[in-house]
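# An overview of the molecular structure
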Amino acid sequence: MFTVTNRILVKKGFGQKMAPAFTSSKTLFDFEGFKKVEVNLCTEPEEHDELNVMMYWETLENFQAWRNSDDFRKSHDREKSGNANSPIISNRIVVSEIVSVLA
């Protein structure tokens, strides 16, 4: 299993407002290999909020199929980079394989 984490720095105060947008799409359940998505918010830094959007996928191919889909494009149309009004400061995608679990 793999996690794909989008680490997003946003303007202070916007993390709480933006978080629900990442869990509102029910079409993710239509994609083979999708397990769940979690959104973690860190408000500790004084200069920004940090959202960590962690998606769980059975395989990287499953994730890539979603990433190349029309559903992905539609859900990300509102986040066009370069928009001066956007609260997004920066983001970084981190792909990791789950190699050990204690549950």
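Conventions used here
- In this numbering scheme, every chain counts its residues from 1 along its sequence in written order.
- Only residues with pLDDT of at least 70 get local features here, since the model is predicted, and only at 80 or more are side-chain atom pairs given and counted; chain-wide, interface and lining totals rely on the full set of residues.
- The basis for every side-chain value is the complete set of heavy atoms in the structure, and neither hydrogens nor water enter the calculation.
- Helix numbers and strand numbers start at the N terminus; a helix is a DSSP run of H or I with at least 4 residues, a strand a run of E with at least 2.
- Two residues qualify as a contact provided that any one of their heavy atoms is within 4.5 Å of a heavy atom in the partner residue.
- All accessibility values rest on the Shrake-Rupley procedure with a 1.4 Å probe; residue burial counts only the protein chains present in the view.
- When charges are counted, neither His nor the chain ends are considered; positive counts come from Lys and Arg and negative counts from Asp and Glu.
- The atoms used to mark charge sites are NZ of Lys, CZ of Arg, CG of Asp and CD of Glu.
- Think of it this way: a Phe, Tyr or Trp ring, Trp meaning its six-membered ring, pairs with another when their centres are within 6.5 Å, and the plane angle makes it stacked under 30 degrees, edge-to-face over 60, tilted otherwise.
- In this scheme, a residue with accessible area under 20% of its type's maximum is buried, one over 50% is exposed, and one in between is partly exposed, where area comes from a 1.4 Å probe on protein chains only.
- In this scheme, Lys NZ or Arg CZ marks a charge over a ring once it lies within 6 Å of the ring centre and within 35 degrees of the ring normal.
- Salt bridges, as used here, are contacts in which a Lys or Arg side-chain nitrogen is within 4 Å of a carboxyl oxygen on Asp or Glu.

## Here's the deal with the overall build of the protein
Each helix and strand in the protein was counted, giving 3 helices and 4 strands. Its helices and strands in sequence order give the protein the pattern β-α-β-β-α-α-β, from N to C terminus. Each of the three principal axes of the protein carries a C-alpha extent, and together these read 35 × 35 × 20 Å. Intrachain contacts of the protein at a sequence separation of at least 6 include 73% that bridge at least 24 residues. A total accessible area of about 7000 Å² is found for the protein, and carbon and sulfur atoms account for 51% of it. Once the 13 positive and 15 negative side-chain charges of the protein are each reduced to a mean point, those two points are 5 Å apart.

## Brief notes about the packing of aromatic side chains
Tallying each qualifying case throughout the model produces 6 aromatic pairs. An angle of 80 degrees between the planes, with centres 5.5 Å apart, marks the rings of F29 and F34 as edge-to-face. On the accessibility criterion, F29 (59% relative accessible area) is exposed. When the centroid spacing of 6.1 Å and the interplanar angle of 45 degrees are considered together, the rings of F63 and W66 count as tilted. Of this pair, F63 and W66 both sit in helix α2 (residues 60–67), 3 residues apart, roughly one helical turn. For F63, a relative accessible area of 4% corresponds to the buried category. Judged by relative accessible area, which is 7%, W66 ranks as buried. Put simply, the rings of F29, F34, W57, F63, W66 and F72 pair up and form one aromatic cluster. The lysine or arginine in question, K17, covers the ring of F14, its NZ or CZ lying 4.8 Å from the ring centre. The lysine or arginine in question, K36, covers the ring of Y56, its NZ or CZ lying 4.8 Å from the ring centre.

## Considering the pattern of salt bridges
This structure, assessed with the given rule, holds 4 salt bridges. Residues K12 and D49 are paired through a salt bridge, measuring 3.2 Å at the closest nitrogen-oxygen approach. In this pair, K12 is assigned in the loop between β1 (2–11) and α1 (15–18) and D49 in strand β3 (residues 48–57), connecting sequence segments 37 residues apart. Using a relative accessible area of 3% as the deciding quantity, one classes D49 as buried.

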